[in-house]
Amino acid sequence: MMRLVQVLYKKEMIDASRDKRSVMAGLYYAIGAPIVMCLLFTILLKQLSSPEALKISIENPDAAPNLVAYLDGFDISHSDDDSVKPIKLVIDLKYAEDMSEGRSALVTIIADKSDNKLIKSVRRLEGVLARYNSEVAGLRLISRGIDPSIMRAVNVQTQDQATPDSKGGMFLGIATLSIIIALFYSAMNLAIDTSAGERERNSLALLLSHPLSSTQIVLAKVTAIASYSMIGLVLVLIVSKFAYGMVPWEQLGFSINLDLMFILFCTLIGLPIALMSASLLVFVSFMAKSFKEAQSYVAFVLFVPIGLSMMTTYDIATDYVQWAPIAAQQYAMIEVIKGNELPLLQVILSSLSTLGLFALFTMLSSKMLKSEKVVFGL
Amino acid sequence: MNKYGSHFVKLIGQSLTSLAIVYSGVSFAQQNNTLEACYVEGLADRLMCGSVSQPLSKKSPSENIDIHFAVIPAIKQLHPKEAVLAFAGGPGQSAIEVASIFARNLKYARENRDIILVDQRGTGKSKLLQCDTGTIEEQFAFNDHALSFVTFTKEETSVCKAQLEVDLSHFTTVAAASDFEAVRLALGYEKLHLYGASYGTRIAQEYLRQYPSSVLSATLDGVVPMQQSLVAIGDAIDSALNEVFLDCMADKACLEQYPTLADDYQALLLQLKNEPITVTVRHPRTHKEITLVITESKLRGAVRMALYGHTSRSLIPLVIDSAKKGNYHPLVGLLGNEQTVGSIAMGMHSAITCGEDWPVLTQSDRQKYGQSYFGKMMIESLDMVCPIWQVEPVEHDFYKPVKTNIPILLLSGGLDPATPPSWADLAMVSFSNAKHLVSPSATHGVASQTCANKVIGQFINTLAFSELTTDCLDKDNRKQYFMNINGPVANHSNEHKK
């Protein structure tokens, strides 16, 4: 029985590798996705971070030379040219008088806070103004013989348990999502071709006429497809390792580092997912009556793993979803990148349930192959 | 099929378990397994802390002290075998306690490399040598002008010595350097970039002299030359204060508000020298009525400490002017503010000054440095306390300038009241690959007030001076002086009346 499956597996692998263009088309994703993703990230990071020298318009700067110099110390200055951000700081005409008499002197920030590109710069300006406030307030207290530390009724200290590796947040989710999806994308064409395609070429019936059980046939097909999935996975991991290393994450104070350990770990937990994905794609393709129909169904079915993965990425109902197949594995991948403890129980349980699904879909496919309606696409 | 299933599960199960073990080994920073997560005040980031046991003295290796250190992890680790080792000032400051300052000064260096902070022996958590410094009430009421001052200081020193029960000779710069090397070896870094500020530049140079093969580069910020005694500081203090007076004269508003500032200060000092002023003031924190004896040295000391930062510096004219007019609130504020800066381990401080700066003073040194008030005061106080501490003088080779071809960046502030630019020039006589950058308006510690942190990041990345962009060091970051107790704006209501 084993030997027959092996022979069949070999046949399927040769079959698949003959259509080189189709194989490559599947693998393009694995090579292209991380690169495109990193380009997007680089642009996004630039937009999210405030420019080092922030140019804004300052109205009436002569009223508050000290404040203007203070802002300049934090690289925030007035400019009239094109580099200026649409943020305006208006210094009140009575600023000097109010300051001198110990009243709050008015400065107004005018900006559109719904503009995502501005938000970081506006926050930076607000932060620097708050620092100026406490600096002058501190000096005012010292001038009155009072220790400024009394302003801090409680000494609030934050102990951030994150590490630079774990601050990636949403970026980590998207990165791991793109890796998991490679398992599905790399095998999609192949799965359709080896099932619906084989039927359309009328070679499926021929295959079934041999002294083989339908389970053996399905198993051979699924393992062959899974093999290509795994090639896609390894490829996406290697490309990602280099591509993510190029993104200037440190600008936002974190890093995403895919080390060898992570690559090995992903390859390992990717194996059951590859089998499950292959069996699911084959099952769906057999359900369709034609090649074209199969393509639509497969595209539709891909939403399930993407959806599960998205729930992890955006942290929706993580308490429950993190036990579900795919979502759990992705959660574990994120934890490994972060350098946290591996959620071993979840990984084992989800891998088991993933394998369970693989068994289920394989069984369903082999049952379908016993029906003439399916075999001849009637 | 079941056979397949169980086989896979077993395989996955086994490999996961081994991954978990290996992985947890890797994730706990470097090879060292004794590190644990820790935090310091003012810095939210998670650091890794640990310690190495070092012999107290090379002669008697039986007695050990624990040298504590902290690692600020790189944001994006590109050079796992390199790190930046930061040395604190004082002498007597704990490097770990001021981690937030180092994190700022080395912000750009940290993007790709870990930062190591080591509590030098005698400071912080590494066998702290500290004695009671007295409460604010005691310090305010203390009259250092009285005849009993000398006896009092000697008594206090003896009490402190008895309390510490340790030979301070084991706490000199030379003795401490090997602790830093031990930390490097324990953490498994191959090469280090050094960053020292103030006194930290002296220990950095000594480390470089003893372990040249461990060093890739050094940045010395506010440089103390090996050839020079710290007692020479007096001139720098005087000229930094003089700059304040010149600044104020050059500024129209300041000149109008404080027309006779320098004269007022001298008059005030003369008055205090003849007779200290005793007043009842409010405690800066508790608001209780307490006694303040204003002496010459207290006023000078408060003004001197205010020169260290631009923020406190902006109060100096107001403090002098008010005190001259009999309003001591601003002075009380400065004196009270000084307390929070503190946290210098006095025992360790004495080990360094008595072992390194005092024994080398010649008669002509004493005459030269004694011309300034602070030089004279320091010599007098070292003459009082050092015979009690009995620190073994360091070897004479210690005072030789360090000879090296390792790239060294020297930073000085033009308004520095402690380590003026001329000191850096003296330090670099035997550096064959060095560059000295001066930020004209910076005070003590250039990296914490200017863009020098960016320059340091570039320097560590390239180790080439030609590629540094240093224009921003010329930026004038002086602050306007307070014109009244409310802020740096002259009172316009007077003008309106005119």
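What counts, and at which threshold
Residues numbered from 1 in each chain as written. Chains lettered and ligands numbered in written order. Predicted model: local features only at pLDDT ≥ 70, side-chain atom pairs only at ≥ 80, totals over all residues. Helix = DSSP H or I, 4+ residues; strand = E, 2+ residues; numbered from the N terminus. Rg over C-alpha atoms; globule rule 2.2 N^0.38 Å. Buried ≥ 20, exposed ≤ 12 C-beta atoms within 10 Å, placed from the backbone. Contact = placed C-beta atoms within 7 Å. UniProt positions renumbered as here; feature names shortened; annotations may be inferred. Nonpolar A, V, L, I, M, F, W, Y, C, P; charged D, E, K, R; others polar. Core = buried A, V, L, I, M, F, W, Y, C linked by C-beta atoms within 7 Å. Pairing = 2+ DSSP bridges. Right-handed = clockwise from strand over helix to strand, strands pointing away. Expected span 1.5 Å × (residues − 1). Axes fitted to C-alpha atoms, helices over the stretch in contact; angles between N-to-C directions. Parallel < 35°, antiparallel > 145°, perpendicular 65-115°, else oblique. Left-handed = near helix turned anticlockwise from the far one by under 90°. pLDDT = per-residue confidence, 0-100.

A. Geometry of the overall build of chain A. Within chain A one finds 15 helices and four strands. A compact globule built from 378 residues would reach a C-alpha radius of gyration of about 21 Å, whereas chain A, at 30 Å, exceeds it by more than 25%. Counting only C-alpha atoms and orienting by the principal axes, one finds that chain A spans roughly 100 × 45 × 30 Å. The burial tally for chain A puts 40% of its 378 residues in the buried class. For chain A, contacts bridging at least 24 residues in sequence account for 75% of all contacts bridging at least 6.

B. Geometry of the overall build of chain B. The number of helices and strands found in chain B is 19 helices and 11 strands. Relative to a compact globule of 498 residues, whose C-alpha radius of gyration would be 23 Å, chain B shows 26 Å and is just as compact. Along the first, second and third principal axes, the C-alpha set of chain B runs to 100 × 60 × 50 Å. The buried share of chain B, taken over its 498 residues, is 47%.

C. How the structure looks around the UniProt feature "domain: AB hydrolase-1" (unreviewed entry) in chain B. In the UniProt entry, the feature "domain: AB hydrolase-1" (unreviewed entry) is given for residues 84-223 of chain B. For residues 84-223 of chain B, helix accounts for 40% and strand for 16%, while the C-alpha atoms at its two ends are 18 Å apart.

D. Region of the structure containing the interface of chain B and chain A. Each side of the interface is counted separately: chain B has 54 residues, and chain A has 51 residues. Of all the elements in the fold, those that place two or more residues in the side of chain B that touches chain A are α1 (2-27), β2 (43-55), β8 (277-282) and α13 (329-341) of chain B. Of all the elements, α1 of chain B adds the most residues to the side of chain B that touches chain A, at 13 residues. Its residues assigned to classes, the side of chain B that touches chain A comprises 26 nonpolar, 20 polar and eight charged.

E. Representation of the nonpolar core in the model. Ranked by internal contacts, the top residues of the largest apolar core, which has 157 residues, are A86, A99, I116, L117 and L410 of chain B. Sequence-distant contacts of I116 of chain B, defined by excluding residues within four places in its chain, comprise F69, V71, A83, V84, L85, A86, V183 and L187 of chain B. Membership of the second largest hydrophobic core comes to 81 residues, among which are C38, L172, L258 and A332 of chain A.

F. The pairing of strand β10 (residues 408-413) of chain B, seen in detail. All names here are of chain B. Counted residue by residue, β10 has six buried out of six residues, so it is predominantly covered. Every second residue of β10 is oriented toward a common face, with I408, L410 and S412 on one face and L409, L411 and G413 on the other, all of them buried. Where strand β7 (residues 215-221) and β10 come together, four bridges link them in parallel fashion. Across the sheet, the residue bridging to L220 is L410, located in β10. Read as a crossover between parallel neighbours, the route from β10 over helix α17 (residues 421-427) to strand β11 (residues 434-439) is right-handed.

G. Structural detail: the UniProt feature "domain: Peptidase S33 tripeptidyl aminopeptidase-like C-terminal" (unreviewed entry) in chain B. Those places that UniProt annotates as "domain: Peptidase S33 tripeptidyl aminopeptidase-like C-terminal" (unreviewed entry) correspond, in this numbering, to residues 372-465 of chain B. Secondary structure content for residues 372-465 of chain B is 37% helix and 13% strand, while the C-alpha to C-alpha distance between its ends is 37 Å.

H. Local environment of helix α7 (residues 233-250) of chain B. Given a rise of 1.5 Å per residue, 18 residues ought to cover 26 Å, and the 26 Å separating the end C-alpha atoms of α7 of chain B matches this to within 8%. The set of residues buried in α7 of chain B consists of I233, G234, A236, I237, A240, L241, V244 and C248 of chain B.

I. Inspection of the sheet that holds strand β1 (residues 54-59) of chain A at higher detail. All names here are of chain A. Reading across the sheet, the four strands line up as β2-β1-β3-β4 and stay open at both edges, with mixed pairing between neighbours. On the outer flanks of this sheet lie β2 (76-78) and β4 (107-110), each paired with one strand and no other. Taken over all neighbouring pairs, the strand axes of this sheet differ in orientation by 35 degrees on average, direction set aside. In this structure, β1 lies alongside β2, joined through three bridges in parallel fashion.

J. Local environment of the environment of S217 of chain B. All names here are of chain B. Position of S217 relative to the elements: it lies in strand β7. For S217 and A434, which are 217 residues apart along the polypeptide, the C-alpha to C-alpha distance reads 9.9 Å. Excluding its chain neighbours within four sequence positions, the residues that come into contact with S217 are H193, I406, P407, F459, I460 and L463.

K. The environment of P401 of chain B, seen in detail. All names here are of chain B. If you trace the backbone, P401 turns up in the loop between α16 (373-389) and β10. Given 17 C-beta atoms within a 10 Å radius, P401 is considered partly exposed. In the structure, P401 is positioned 137 residues away from D264 in sequence and 42 Å away in space, judged by C-alpha atoms. With sequence-adjacent residues up to four places away left out, P401 is seen in contact with P225, M226, Q227, A427, V429 and S430.

L. Representation of the packing of helix α4 (residues 149-164) of chain B against α16 of chain B within the structure. Residues and elements named next belong to chain B. Put simply, α4 and α16 touch, their axes get as near as 9 Å, and they point 30 degrees apart. Put simply, α4 runs roughly parallel to α16. Like other packed secondary-structure pairs, α4 and α16 cross with a definite hand, here right-handed. In this structure, α4 contributes V150, T153, K154, T157, S158 and K161 to the contact, and α16 contributes M384, V385, I388 and W389. Here the residues of the contact of α4 with α16 sort into five nonpolar, three polar and two charged.

M. Summary view of unusual backbone geometry. P91 of chain B follows G90 of chain B through a cis peptide bond whose omega is -5 degrees. Summarising the element assignment, P91 of chain B is placed in the loop between β4 (82-87) and α2 (99-105). With phi around 65 degrees, D75 of chain A is a residue other than glycine that occupies positive phi space. Inspection of the secondary structure assignment puts D75 of chain A in the loop between α3 (65-73) and β2. For D75 of chain A, a count of 17 C-beta atoms within 10 Å puts it in the partly exposed group. Its identity as a non-glycine residue notwithstanding, Q390 of chain B has a phi of 55 degrees, on the positive side.

N. Highlighting the sheet that holds strand β6 (residues 191-197) of chain B. All names here are of chain B. In space, the nine strands of this open sheet follow the order β1-β2-β3-β5-β4-β6-β7-β10-β11, with mixed pairing throughout. The strands lining the two open edges of the sheet, one partner per strand, are β1 (36-40) and β11. Taken over all neighbouring pairs, the strand axes of this sheet differ in orientation by 25 degrees on average, direction set aside. Taken together, the six bridges between β6 and β7 define a ladder with parallel strand orientation. Residue pairing across strands places L194 opposite A218, the latter belonging to β7.

O. Spatial organisation of the confidence of the model for chain B. Residue and element names in this part refer to chain B. When pLDDT is averaged across chain B, the result is 86; 91% of the residues are at 70 or more. Residue range residues 1-32 is modelled with pLDDT below 50. Its contacts to residues more than four positions away, or to other chains, number 38 contacts. Low confidence marks residues 493-498, where pLDDT is under 50. Its contacts with residues over four positions away, or in another chain, come to zero contacts. Here the predicted complex scores 0.81 on pTM and 0.84 on ipTM.

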